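Structure at a glance
Chain by chain, the residues:
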Amino acid sequence: MRVVIVGGRSRADYLMGALAETVDTVVAINDDRRFCEYLSSRHDGTVIWGNGMKLAVLEEAGVAGFDAIVALTGLDADNLAICQVAKKFLGIRIQLCIVSNPENTAIFRQLGVTAAISATATLAQAIRGALELPDPAGAKARAATAAAVAAAEAGNGEGDGADGTADDEEDPGAPSPFRSILGSWHHLGKERR
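We now turn to the structure provided with this report. Just so it is clear, the model here is predicted, and its values are computed rather than measured. (Residues numbered from 1 in each chain as written. Predicted model: local features only at pLDDT ≥ 70, side-chain atom pairs only at ≥ 80, totals over all residues. Heavy atoms only, no water.)

1. Things to note about the overall build of the protein chain
Where we set the bar: Under the DSSP-based scheme used, a helix requires at least four consecutive residues in state H or I and a strand at least two consecutive residues in state E, with every element numbered from the N terminus. Type-normalised accessible area, obtained with a 1.4 Å probe on protein chains alone, sets the label of each residue: buried when under 20%, exposed when over 50%, and partly exposed for intermediate values. Whether two residues are in contact is decided by their heavy atoms: any pair within 4.5 Å suffices.
Scanning the protein chain from N- to C-terminus turns up nine helices and six strands. Here the protein chain holds 193 residues, and 37% of them are scored as buried. If you take every contact in the protein chain between residues at least 6 apart in sequence, the share linking residues at least 24 apart comes to 54%.

2. Looking at the pairing of strand β1 (residues 2–6)
Side chains on a regular strand alternate between the two faces of the sheet. Here is the rule: A pair of strands counts as paired when DSSP detects no fewer than two bridges linking them. With the strands pointing away from the viewer, any crossover whose connection runs clockwise from the first strand over the helix to the second is right-handed.
Summarising burial for β1: four of the five residues are buried, a large majority. Across five bridges, β1 lies against strand β2 (residues 25–30) in parallel orientation. Within the sheet, the bridge partner assigned to isoleucine 5 lies in β2 and is alanine 28. With respect to chirality, the unit in which β1 leads through helix α1 (residues 10–20) into the neighbouring parallel β2 is right-handed. Alignment of β1 against strand β4 (residues 68–71), held across four bridges, turns out to be parallel. Residue pairing across strands places valine 4 opposite isoleucine 69, the latter belonging to β4.

3. Overview of the side chain of asparagine 30
The criterion, for reference: Any pair of nitrogen or oxygen atoms within 3.5 Å is treated as a polar contact; in protein, a donor-acceptor pairing is required on top of that, and neighbouring residues in sequence qualify only through side-chain atoms on both sides.
Position of asparagine 30 relative to the elements: it lies in strand β2. At 2.8 Å, the side chain of asparagine 30 and the backbone oxygen of glycine 8 are in polar contact. Dropping the residues within four chain positions of it, asparagine 30 is found in contact with Gly7, Gly8, Phe35, Cys36, Ile48, Trp49 and Gly50.

4. A closer look at the nonpolar core
Cut-off, in case you're wondering: Nonpolar cores were defined as sets of buried Ala, Val, Leu, Ile, Met, Phe, Trp, Tyr and Cys residues, with membership established by side-chain atoms within 4.5 Å.
Among the nonpolar cores identified, the biggest contains 24 residues, and Val4, Val63, Ile92, Cys97 and Phe108 are the most heavily contacted of them. Breaking this core down by element, the ones donating at least two residues are β1, β2, α3 (55–60), β4, α4 (76–90), β5 (94–99) and α5 (104–110). Considering every element that reaches this core, the biggest residue donor is α4, with six residues. Apart from residues lying up to four places away in sequence, cysteine 97 is in contact with Ala71, Asn79, Cys83, Phe108, Val113, Ala115, Ala116 and Ile117.

5. Considering the sheet that holds β2
Filter applied, for reference: In this description, a line fitted to the C-alpha atoms serves as the axis of each element, helices being fitted only across the stretch in contact, and the angle between N-to-C directions of two axes falls anywhere from 0 to 180 degrees.
The strand order across the open sheet built from six strands is β3-β2-β1-β4-β5-β6, with neighbouring strands paired in parallel fashion. Looking at strand neighbours, the two that pair on one side only are β3 (46–49) and β6 (115–118), the edges of this open sheet. Strand-to-strand, the axes of this sheet are offset by a mean angle of 15 degrees, without reference to chain direction. Bridge count between β2 and β3: four bridges; the pairing is parallel. Following the sheet pairing, isoleucine 29 is matched in β3 by isoleucine 48. Along the sheet, α1 makes contact with β1, β2, β3, β4 and β5, crossing β1 at roughly 165 degrees.

6. Quick look at a nonpolar patch on the surface
We count it as follows: Residues with no salt bridge and a relative accessible area higher than 30% make up the patches, which join like charges within 9 Å and nonpolar side chains (Val, Leu, Ile, Met, Phe, Trp, Tyr) within 5 Å. Surface accessibility follows the Shrake-Rupley procedure with a 1.4 Å probe radius. Residue values consider only the protein chains on display as shielding. Put simply, a salt bridge is a Lys or Arg side-chain nitrogen that is within 4 Å of an Asp or Glu carboxyl oxygen.
On the surface, Leu123, Ile127, Leu131 and Leu133 cluster together to form a nonpolar patch covering roughly 390 Å² of accessible area. Structurally, leucine 131 is set in the loop between α6 (119–130) and α7 (138–154).

7. Observations regarding helix α2 (residues 33–42)
Applicable threshold: It is the directions from the helix axis to the C-beta atoms whose arc is reported.
Of all the positions in α2, only Phe35, Cys36 and Leu39 are classed as buried. Axial view of α2: buried residues confined to an arc of 105 degrees, hence all on one face. Pointing more than 90 degrees away from the buried face of α2 are the exposed residues Arg34 and Ser41. On its buried face, α2 is in contact with α1, β2 and β3. Its side-chain oxygen at 3.1 Å from the backbone nitrogen of arginine 34, aspartate 32 defines the N-terminal cap of α2.

Okay, structure coming up:
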């Protein structure tokens, strides 16, 4: 299995170490030169200094056709873009990312990302479990994520949602996909200057 990790700091460092023993190839792409030097000094995998949101950087890294991409940037919109570019232009069949806004997990899945993971939602679920409180959405979200990853690994994830419904079916009570991610878009210009 071949995996590319884009962005992140401690998460990227941890994943490179954790995956080193179990996957054939790990490539990390990060736009912080010093951090790339740090990763190179600690891990045997390939480390590339560059903007992992750019298709040209991903192509030059030689990650087309990799099995999985993990997007770990601090902005949900960037992670969505990385996953969509990886799927559409590079043929990477499993796309995983972190999200800051827990509402984006379902939205990203509707937009074709294999799995979006929210540390906040996971923490809330753990607290409810520890306190033995009901978890109204957690069980469904866990099942959807597990089904999406399993479907992608089996190679039949196209066209069906994790719950077996068509991707284009929408829950009438769900927020607009674009309304929820707009909160992340306003950071783009500020972060890159």
